[in-house]
Amino acid sequence: MSYIANTARQQEEMLRVCGVSSIGELFKDIPENLRPRSFSLPRGKSELEVHQILERYAAQNYSHLINFLGGGFYDHFIPAAVDAIASRSEFYTAYTPYQPELSQGTLQAMYEFQSDVCRLTGMEISNASLYDGGTALYEACQMAIHATGRPKIIVDGGVNPIYRKMLYSYTANLSIDFCEIPVSHGQSDREKVFAALDESTAGVVLQNPNFFGVIDNHADIVDKCHSLGILAVQSVYPVSMALLKPPGEIGVDIVTGEGQSLGIPLSFGGPYIGFMATSKKLARKMPGRIVGRTVDGQGREGFVLTLQAREQHIRREKATSNICTNEALCALRVHAYLSLLGSQGLREVAELCLNKAAYAKNRFKAISHVKVMETSPTFNEFTLLLPMDAAEAAGKMIERGFAPGFPLGRYYPGMENYLLVAVTEKRTRYEIGAFAEALEDVLRSFAPQPTLSENT
Amino acid sequence: MTIIFKKSIPGRRGVTLPELDVEPLGKIPDGYLRTSGPELCELSELDVVRHFTELSRKNFGVDTNFYPLGSCTMKYNPKMCEKIAQLEGFSSLHPLLPQLRRGGMLTQGALAVIYELERLLCEITGMEAFTLQPMAGAHGELTGMMLIAAYHKNKGNRKNEVIIPDEAHGTNPSSAAIAGYIVKPVPTNSETGMIDVSALEALIGPQTAAIMMTNPNTLGIFNTHIEKIAQLSRKFDALLYYDGANLNAILGKFRPGDARFDVMHVNLHKTFATPHGGGGPGAGPVGVGKRLEEFLPVSRVIKRSDGTYSLNYDYPKSIGYIAPFYGNFSVCLKAYAYILMLGGKGLVEAGENAVLNANYVMHSLKNHYTVPFLRTCMHECVISAKRQAALGVGALDIAKMLIDEGFHPPTVYFPLIVKEALMIEPTETESKETMDSFIDAMKTIARKAQEDPSRFHGAPRTTPVGRLDEVKAARDMDCSA
């Protein structure tokens, strides 16, 4: 398969214009001794053949398991119109909108996306997206460090452990001190967080709901931070924002999050979309593209990339971040999703999640030797304490057709018997019941072991 | 065009959700709840579809117009690749599945795609190993810099500088700085358009951690001194970074690995035809030579002796996690489909035609514009509107006039070292007829610049808006409705 239009005859005409007799001559600058030692690639294939190959690969994946797996990445319903809108090639075959006059479609959509983020989070200004929730959190830490001139970041243990690992990787070569506050199932541990705050702290990183699905109101932590000149950073699950107190209302300085749950397919990890919002005061320290509304010479309203003096293509090594592209097409999906759902629709999605999760909790509580962790209110995800190794139980649940949740032992040593279970609006009463029966069945085949203490 | 929120009619719905089929047991205490909003728009599905369709018509894309935006490789994005990414077996696959016990067996098809694409990229570039995790080109650069830092740390080297040519993309110095390095720019020789080797010799030393190079560089010129530069870097144990932004030019003609580059990134959204999406998502896989392989981020996909694939995290010297999972998987999937379709021969032809097309445009315009480096170019050419600027018509004016002619303008004012630069990259998928009409438009513009420079200042006239007040935008910071 080839996508080259020019015929051999046209190529010859063009070579004549270039004053050379062969294409090879155009590559004469590449010394012979630097020519490829090998370039052994498969022969080209037709569209049909490639489709057949990849259909076979796709069929090897267990995407059909009934999904109770979350961990920050959720199996939500996506209306067909989101795909239709994102499939408009006027959007997806465009570049970053450097020429605003012919990019008003992308630019206005990004401006509206920023508005969605501000409305959801209660913040003043949003960027046009970042790579994902984890890199967004890292950028927020960098922002806090630059804004305060201090070196220390306090990270709550309820922050997604994958994101915490990312933070540590990114800063391994930089002089940033991290202080991690352990969490066990419940809300942020106030005593420990307050004890860690000091004059060298730039920011405190929190998550709501946290990795265990627990809802918190971090207002007291935010207030304490502000009294010490520390910035509060909060990573949020945007669907829950339809119900929960928005971070802007409790004074959070930088909000980040993963937008996958808003109309983006799971796609084995990406592309997803990070979002970030902050106060106008901190706007000039924010990384990533920002779209602003302005007017043209005739007073007509239009949109441009703005505050570009922060960015790498202008400031090079002095830029606030090295980010060039964002995830514009994912932002477009998020905006289409939120526009289709609307205030009421998103609220309903969140309420469905909340109620179905509550029902599941109740149902699973009835399983003997299973304990549902209920120290604090949760949204749509919660932990189960099993009388056996959760990874082992998960394996058995997979055999029964479920992606049953995430065994916490992988990231929280000592929590080997805990399973993190997510319930979205897609799960039905029947599926929740079937899950419970399958789990009962799995547990029956194992002799109950002494229950581990809850806080180990 | 009216902002979507202004179209909102309270009570109107775009999506109907299933009724709750369980008892409503969910309860969140008041202190955690929001008291109002969020005020999203309330519209019907048709309202929303019309809004976005109207927006889409205010955009230029590769599918609508010739888009010779230099350094961006705006080639055609095959529809077939889009279709592949939507296959349910890939699009509904949860990334945490393989992290469950024996979970790798649940995602063999996806892991195979990752493994095989990594092997293909190794063969295309001559590198030893790849990671697909970086989610954009700049993210790849940062990952590369982190690998370099890990290498030096492991050897006990104390190095704090990275040398970068002054013509480089802005992301290069920025990525190096973010990774903790001091950036030392090296000038470009004004005769050859390549790194000034004697200036490089003066800059390099034991403090140099790496040299970042784009080759062909942003002037579209292949640097013939790379062996010399490689020797220099080895002398000081500085690593060589290859910015693969311009890989499209050299497919099958040059492999960075053969020239002893230690680390590189590839922009799948350029060379391997995945859509740019109006500014992402892209993908910036990073390839390394033997010396850096042990530092690659985790997880890595391995192929076991029985032919199955699994994730491996057991690399004690790894830089760790740079992405939550395996990168922008569906972008990688599209690139994989593209490479399978083209095959080795197709990739070589793609590169050859990209270079031919760029040279054709350059030679067709050389009598009408200044060509600062009139030598064979690679996949893009840089011309200068110096002559036109003297008449009061700058590169930006030309860009805006081109819009009225129905073309997306080339990149303007970049590279920074060329005055009034217009950087043109036609790509291999454009036909001679399309380029000819662009060339004609450029010639007409050059003529009009002489005849009536004043008419340029009102351009563009055919777009929904004219030139926008960027100063006002930055001052007002009206960034949300």
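Residues numbered from 1 in each chain as written. Chains lettered and ligands numbered in written order. Predicted model: local features only at pLDDT ≥ 70, side-chain atom pairs only at ≥ 80, totals over all residues.

When helices and strands are counted, chain B shows 14 helices and 12 strands. Over its C-alpha trace chain B gives a radius of gyration of 25 Å, about what one expects of a compact globule, namely 23 Å for 481 residues. Taken along its principal axes, the extent of the C-alpha atoms in chain B is 75 × 60 × 45 Å. A burial count over chain B gives 60% of its 481 residues as buried. Here the analysis covers contacts within chain B between residues at least 6 apart in sequence; of these, 71% occur between residues at least 24 apart. (Helix = DSSP H or I, 4+ residues; strand = E, 2+ residues; numbered from the N terminus. Rg over C-alpha atoms; globule rule 2.2 N^0.38 Å. Buried ≥ 20, exposed ≤ 12 C-beta atoms within 10 Å, placed from the backbone. Contact = placed C-beta atoms within 7 Å.)

A few words on the overall build of chain A. For chain A, the count of helices and strands is 13 helices and 15 strands. Dimensions of chain A, computed from the C-alpha atoms along their principal axes, are close to 85 × 55 × 50 Å. Here the analysis covers contacts within chain A between residues at least 6 apart in sequence; of these, 74% occur between residues at least 24 apart.

The next thing to look at is the interface of chain A and chain B. Of the residues lining the interface, 174 residues belong to chain A; the matching set on chain B comes to 172 residues. Sort the elements by how many residues they give to the side of chain A that touches chain B and helix H11 (residues 328–365) of chain A lands first, with 24 residues. The residue inventory of the side of chain A that touches chain B, partitioned by class, reads 87 nonpolar, 54 polar and 33 charged. (Nonpolar A, V, L, I, M, F, W, Y, C, P; charged D, E, K, R; others polar.)

Further remarks concern the packing of helix H2 (residues 47–59) of chain A against helix H4 (residues 108–125) of chain B. Where H2 of chain A meets H4 of chain B, the axes come as close as 6 Å, and the angle between the chain directions of the two elements is 130°. As the angle between them shows, H2 of chain A and H4 of chain B are arranged oblique. For the pair H2 of chain A and H4 of chain B, contact is made by Tyr 57, Ala 58 and Ala 59 of chain A and by Gly 109, Ala 112 and Val 113 of chain B, respectively. A class-by-class count of the residues in the contact of H2 of chain A with H4 of chain B yields five nonpolar, one polar and no charged. (Axes fitted to C-alpha atoms, helices over the stretch in contact; angles between N-to-C directions. Parallel < 35°, antiparallel > 145°, perpendicular 65-115°, else oblique.)

Once that is clear, we can look at the domain arrangement of chain A. Residue and element names in this part refer to chain A. When the domains of chain A are assigned, the result is domain 1 (66–72 + 344–444) and domain 2 (80–336). Centre-to-centre separation of domain 1 and domain 2, based on C-alpha positions: 29 Å. If you tally residues by element for the side of domain 1 that touches domain 2, the top one is H11, at six residues. Per-class residue counts for the side of domain 1 that touches domain 2 are 11 nonpolar, six polar and two charged. (Domains from an automatic or database assignment.)

Another point: the sheet that holds strand S11 (residues 411–412) of chain B. Residues and elements named next belong to chain B. With antiparallel pairing, three strands are arranged side by side in an open sheet as S10-S12-S11. Two strands close off the open sheet at either side, each with one partner strand: strand S10 (381–384) and S11. Pairing geometry for S10 and strand S12 (residues 421–424), over four bridges, is antiparallel. For Ile 383, the partnering residue across the bridge sits in S12 and is Leu 422. Taken strand by strand, helix H10 (residues 329–365) contacts S10 and S12, and its axis lies near 20° from that of S10. (Pairing = 2+ DSSP bridges.)

Residues and elements named next belong to chain B. Strand order in the open sheet made by the seven strands is S1-S7-S6-S5-S4-S2-S3, with mixed pairing throughout. Both edges of this open sheet fall to strand S1 (129–131) and strand S3 (182–186), since each of them pairs with a single strand only. When the angles between neighbouring strand axes are averaged without regard to direction, this sheet yields 25°. Relative to strand S6 (residues 263–266), strand S5 (residues 239–244) is paired through four bridges, and the arrangement is parallel. Bridge pairing in S6 links Gly 244 to Val 266. The sheet contacts of helix H6 (residues 171–178) involve strand S2 (161–165), S3, strand S4 (208–214) and S5, and relative to S2 the element is tilted by about 175°.

For the rest of this paragraph, the subject is helix H12 (residues 395–404) of chain B. Residue and element names in this part refer to chain B. Of all the 10 residues making up H12, eight are buried; the element is thus mostly covered by neighbouring parts of the structure. Among the residues of H12, Ala 395, Asp 397, Ile 398, Ala 399, Lys 400, Met 401, Leu 402 and Ile 403 are the ones counted as buried. Turning to H12, the residues buried within the fold contact helix H11 (386–390), S11, S12 and helix H13 (432–451). Backbone geometry just downstream of H12 places Gly 406 in the positive-phi region, at approximately 90°.

Looking at the secondary structure, you find Arg 88 of chain A in the loop between helix H3 (80–86) and helix H4 (89–92). The exposure class of Arg 88 of chain A is buried, given the 20 C-beta atoms found within 10 Å. On a C-alpha basis, the gap between Arg 88 of chain A and Thr 278 of chain A in space is 31 Å, while along the polypeptide they are 190 residues apart. Beyond its immediate stretch of four places on either side in the chain, Arg 88 of chain A contacts Phe 52, Thr 53 and Ser 56 of chain B.

As a further point, take the nonpolar core. Core analysis: the largest hydrophobic core is formed by 315 residues, its most contacted members being Ala 144 of chain A together with Cys 332 of chain B. Each of domain 1 (66–72 + 344–444) and domain 2 (80–336) of chain A accounts for three or more of the residues forming this core. Excluding anything up to four places from it in sequence, Ala 144 of chain A contacts Ile 153, Ala 202, Gly 203, Leu 231, Val 233 and Ile 254 of chain A. (Core = buried A, V, L, I, M, F, W, Y, C linked by C-beta atoms within 7 Å.)

A separate point is the pairing of strand S9 (residues 291–295) of chain A. Among the five residues of S9 of chain A, four are classified as buried, and the element is accordingly described as predominantly covered. Counting the residues that bridge the hairpin from S9 of chain A to strand S10 (residues 301–305) of chain A gives five residues, and of these Gly 299 of chain A lies at a positive phi of roughly 80°.

Between H11 of chain A and helix H1 (residues 45–56) of chain B, the shortest axis-to-axis distance is 9 Å and the interhelical angle comes to 150°. As summarised for this structure, H11 of chain A and H1 of chain B are arranged roughly antiparallel, according to the angle between their axes. The two elements H11 of chain A and H1 of chain B meet at a crossing, and its hand is right-handed. Here Ala 336, Ser 339 and Leu 340 of chain A of H11 of chain A come into contact with H1 of chain B, specifically with Glu 45, Val 48 and Phe 52 of chain B. Within the contact of H11 of chain A with H1 of chain B, the residues separate by chemical class into four nonpolar, one polar and one charged. (Left-handed = near helix turned anticlockwise from the far one by under 90°.)

Of note, the bond from Asn 208 of chain A into Pro 209 of chain A is cis; its omega dihedral lies within 30 degrees of zero at -15°. You can see Pro 209 of chain A is positioned in the loop between strand S5 (201–208) and helix H9 (219–227). At the junction of Asn 215 of chain B and Pro 216 of chain B, the peptide bond is cis and its omega measures out at 0° in the coordinates. By secondary structure assignment, the location of Pro 216 of chain B is in the loop between S4 and helix H8 (226–235). A positive phi angle is found at Arg 316 of chain A, which is not glycine, with a value near 50°. Mapped onto the elements, Arg 316 of chain A comes out in the loop between helix H10 (312–315) and H11. The exposure class of Arg 316 of chain A is buried, given the 23 C-beta atoms found within 10 Å.

Another aspect to go through is the environment of Leu 120 of chain A. Mapped onto the elements, Leu 120 of chain A comes out in helix H5 (residues 104–121). Separated by 223 residues in the primary sequence, Leu 120 of chain A and Ser 343 of chain A place their C-alpha atoms 9.6 Å from one another. Here Leu 120 of chain A is in contact with Pro 238, Met 241 and Pro 246 of chain A together with Pro 38 of chain B, once residues within four sequence places are set aside.

The next subject is the pairing of strand S9 (residues 309–312) of chain B. Walk down a regular strand and you will see the side chains alternate between the two sheet faces. Residues and elements named next belong to chain B. By the bridge criterion, four bridges tie strand S8 (residues 300–303) to S9 in an arrangement that is antiparallel. Within S9, the residue paired with Val 301 across the bridge is Leu 311. Between the end of S8 and the start of S9, which pair antiparallel, lie five residues, with Gly 307 showing a positive phi angle near 90°.

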